[in-house]
Amino acid sequence: MTEEKKITVKDILAMKGRRKITMLTAYDYPLAYLIERAGIDIILVGDSLANVVLGLKSTKDVGMLEMIHHAKAVTRAVKHSLVVGDMPYESYQLNSSQTVKNAARFINEAKCDAVKIEWFDDCVGAAIKIIKAGIPVMGHIGLTPQTADKLGGFKVQGKDVDRAMELIRQAKALEEAGCFAVVLECIPDEIARIITRKIKIPTIGIGAGQYSDGQVLVTYDLLGLFKGFSPKFAKRYVDLSGHISRALESYKNEVLGNKFPLPEHSFHISAEEVKKIEKLANF
Ligand code: KIV
């Protein structure tokens, strides 16, 4: 196999208008390895880690410790895809020196290539500071789970003129701040199309229809591995939960029925050696 070169932020920018950008979430080594092998452009170590892996209620419940720990596992597996670390709640909203320090941990400790931040009052200020420190930033607007309570809950955003215009303004502001891409979450198809045309950086949609420059999904949703709430846009490509459950039950039944392990799963010594040992052990 020829060694493929690392995808850079510059490569992602150049994909706009040429071909769709693919992005998926990963939180561990084995899935990151398979996602990269499938040829996915961007791997996001999402704070959805909270819900889908750690069994927590909200993405607000994970912190830097967990995010860095999982990001390290992902980057150990990835040579080619661009890896983006999702900055957790309150790691970039509170004070600017902390914001830059936390972003730098994703790059220096976890070996990510970029960070993602969700929209909040001073999102542009935070993006500018991180970018000034030499760290590429992906923005995230629309339904921003870390501040969903301020948006009226987990609802489609940008359905009326004022709110749609606000989203267009946010996307433009993130572009001007120097972000290299922006995630559009849960917004109408038509608004995603307008934003995608209006800005020069790529848009990556999730629940934002077909017109974004790229698409992202939570990998556990597409694999049918997450049994919690699954939104309408999360297409399930396979029911891995079903496959796993059947395999686990087969294992249990074979152990109970003395059908596992069989001789081919075991280690053996000669009958002669066994006899000697039995004699010495008074067996
Ligand atoms: O954390 C996450 O998985 C995300 C995606 C939904 C974009 O932010």
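Cut-offs applied
Residues numbered from 1 in each chain as written. Predicted model: local features only at pLDDT ≥ 70, side-chain atom pairs only at ≥ 80, totals over all residues. Heavy atoms only, no water. Helix = DSSP H or I, 4+ residues; strand = E, 2+ residues; numbered from the N terminus. Buried < 20%, exposed > 50% of the residue type's maximum accessible area, 1.4 Å probe, protein only. Lys, Arg positive; Asp, Glu negative; His and termini not counted. Charge placed at Lys NZ, Arg CZ, Asp CG, Glu CD. Domains from an automatic or database assignment. Near = heavy atom within 4 Å. Polar contact = N/O pair within 3.5 Å; in protein donor to acceptor, adjacent residues only side chain to side chain. Areas by Shrake-Rupley, 256 points an atom, 1.4 Å probe, with all protein chains shown as cover. Nonpolar A, V, L, I, M, F, W, Y, C, P; charged D, E, K, R; others polar. Contact = heavy atoms within 4.5 Å. Salt bridge = Lys/Arg side-chain N within 4 Å of Asp/Glu carboxyl O. Pairing = 2+ DSSP bridges. Right-handed = clockwise from strand over helix to strand, strands pointing away. Axes fitted to C-alpha atoms, helices over the stretch in contact; angles between N-to-C directions. Parallel < 35°, antiparallel > 145°, perpendicular 65-115°, else oblique. Left-handed = near helix turned anticlockwise from the far one by under 90°.

What follows is about the overall build of the chain. For the chain, the count of helices and strands is 11 helices and eight strands. Oriented by its inertia axes, the alpha-carbon framework of the chain measures out at about 85 × 40 × 35 Å. Scored against the burial criterion, the 283 residues of the chain give a buried share of 47%. Each charge class in the chain can be summarised by its mean position, and for the 39 positive and 34 negative side chains these summaries are 2 Å apart.

Moving on, we come to the domain arrangement of the chain. Split into domains, the chain comes out as domain 1 (9-238) and domain 2 (243-280). The centre of domain 1, based on its C-alpha atoms, is set 47 Å off from the matching centre of domain 2.

Let us now look at the site of the ligand. Around the ligand, the structure places Thr25, Leu44, Gly46, Asp47, Ser48, Asp86, Lys116, His140, Glu185, Ile206 and Val218. One of the side-chain nitrogen or oxygen atoms of aspartate 47 is found 3.0 Å away from an oxygen atom of the ligand. Contact between the ligand and lysine 116: an oxygen atom at 3.0 Å from a side-chain N or O atom of the residue. Bound to the protein, the ligand loses 95% of the 260 Å² it would expose on its own. Among the residues making up the shell around the ligand, the classes are represented as three nonpolar, four polar and four charged.

Let us look at the side chain of serine 91. Inspection of the secondary structure assignment puts serine 91 in the loop between β3 (82-86) and α5 (96-108). Serine 91 has contacts with Met64, Gln98, Thr99 and Asn102, leaving out every residue within four places of it along the chain.

What follows covers the pattern of salt bridges. Here the structure, examined in full by the defined rule, presents 10 salt bridges. Arginine 19 is paired through a salt bridge with aspartate 41; the nearest N and O atoms lie 2.9 Å apart. Of the two residues, arginine 19 sits in the loop between α1 (9-15) and β1 (21-25) while aspartate 41 sits in the loop between α2 (29-37) and β2 (42-45), which places them 22 residues apart along the sequence. What makes aspartate 41 buried here is its relative accessible area of 2%.

Of all five residues making up β1, four are buried, and the element is well covered by its neighbours. Alignment of β1 against β2, held across three bridges, turns out to be parallel. For threonine 25, the partnering residue across the bridge sits in β2 and is leucine 44. Read from β1 through α2 to β2, the crossover connection turns out right-handed.

Attention now goes to unusual backbone geometry. Negative phi characterises most residues that are not glycine, and trans characterises most peptide bonds. Residues phenylalanine 260 and proline 261 are joined by a peptide bond in cis, for which omega reads 0°. Counting through the fold element by element, proline 261 comes out in the loop between α10 (240-256) and α11 (271-280). A positive phi angle, close to 55°, is found at cysteine 186, a residue other than glycine. Examined against the element boundaries, cysteine 186 turns out to sit in the loop between β6 (181-185) and α8 (189-198).

Along any regular strand the residues' side chains alternate between the sheet's two faces. Within strand β4 (residues 114-118), five of the five residues are buried, which leaves the element mostly enclosed by the surrounding structure. What you see with β4 is no split at all: Ala114, Lys116 and Glu118 on one side and Val115 and Ile117 on the other are buried throughout. In the sheet, β3 pairs with β4 via three bridges, with the strands oriented parallel. Note on β4: the bridge partner recorded for valine 84 is alanine 114. Read as a crossover between parallel neighbours, the route from β3 over α5 to β4 is right-handed. Bridge analysis of β4 against strand β5 (residues 137-142) gives four bridges, and the strand direction is parallel. The residue of β5 that forms the bridge with valine 115 is valine 137.

Further remarks concern the sheet that holds strand β8 (residues 214-217). The eight strands are arranged β1-β2-β3-β4-β5-β6-β7-β8 in a closed barrel whose pairing can be described as parallel. Taking the axes of each pair of neighbouring strands and ignoring which way they run, one obtains an average angle of 25° across the sheet. Across the face of the sheet, helix α4 (residues 64-77) comes into contact with β2 and β3 while running at roughly 155° to β2.

Looking now at the packing of helix α7 (residues 161-177) against α8. In contact at an axis separation of 10 Å, α7 and α8 are set at 30° when each is read in the N-to-C sense. Of the possible angle classes, the one that applies to α7 and α8 is roughly parallel. Note on packing geometry: the crossing formed by α7 with α8 is right-handed. On α8, the residues that touch Ala164, Leu167, Ile168, Ala171, Lys172 and Glu175 of α7 are Ile191, Ile194, Ile195 and Lys198. In the contact of α7 with α8, the residues fall into seven nonpolar, no polar and three charged.

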